[in-house]
Amino acid sequence: MVKLMPFIVCIAVCCVLPVMCVWLITRAKTKAVNKKMDVLIKAIENGAEIDPNFFENMESEEKSKRKLTESLNAGVMLTLMGIGFILFAALDFYSFSQWGYLVGVILLCVGISSLVTFFFGLKYKAPEKPSCGQTDGNE
């Protein structure tokens with residue numbers, strides 16, 4: 001049984017956990033659509049006017065700003081954690097160097113990718129300004 005336990009943990013983490021995450025996200029989205037459908041059905045029953053863009057999935061500015069802030073937060077935290085793991089491994093605290101470098105590098109890479117996502121998101125969300133020779137079309 002002891003030799004079988006790492007295999008069971010590996011199966012649970014690598015197979016069952018991702019499937020459960022996808023199922024939970026899909027279930028939450030389905031519930032949101034069902035709530036909108038209930039509102040739409042009640043509006044039809046009452047004879048109210050229905051907005052044609054009711055089911056469009058448009059992000060508001062506040063939601064996109066929050067996502068960018070979360071990306072920045074995650075990037076900074078993961079980068080600092082990665083640096084901390086690498087430092088602990090380099091200083092050889094508590095026989096930590098075996099896995100410390102690996103965990104540190106993985107956290108560092110994920111943190112840097114989150115920071116890159118944040119900065120590209122800022123560039124994407126920034127309003128475009130006409131450059132020197134271009135006009136804005138109002139002439």
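Given the structure is predicted, the values throughout are model-derived calculations rather than measurements.

A. Expanded view of the overall build of the chain. Of the regular secondary structure elements, the chain holds 3 helices and 0 strands. N-terminal to C-terminal, the α/β element order of the chain is α-α-α. Per-residue burial over the chain gives 12% buried out of 139 residues. Pairs at least 24 apart in sequence give 50% of the contacts found in the chain among residues at least 6 apart. Counting only carbon and sulfur atoms, one obtains 68% of the accessible surface of the chain, whose full area is about 12000 Å².

B. Spotlight on the side chain of Ser-114. Relative to the helices and strands, Ser-114 is located in helix H3 (residues 97-125). Excluding anything up to four places from it in sequence, Ser-114 contacts Ser-71, Ala-74 and Gly-75.

C. How the structure looks around the side chain of Ser-71. You can see Ser-71 is positioned in helix H2 (residues 61-91). Taking the relative accessible area as the measure of exposure, Ser-71 reaches 14% and is therefore buried. Ignoring anything within four residues of it in the chain, the contact list for Ser-71 reads Ser-114, Thr-117 and Phe-118.

Quick notes on the rules
Residues numbered from 1 in each chain as written. Predicted model: local features only at pLDDT ≥ 70, side-chain atom pairs only at ≥ 80, totals over all residues. Heavy atoms only, no water. Helix = DSSP H or I, 4+ residues; strand = E, 2+ residues; numbered from the N terminus. Buried < 20%, exposed > 50% of the residue type's maximum accessible area, 1.4 Å probe, protein only. Contact = heavy atoms within 4.5 Å. Areas by Shrake-Rupley, 256 points an atom, 1.4 Å probe, with all protein chains shown as cover.

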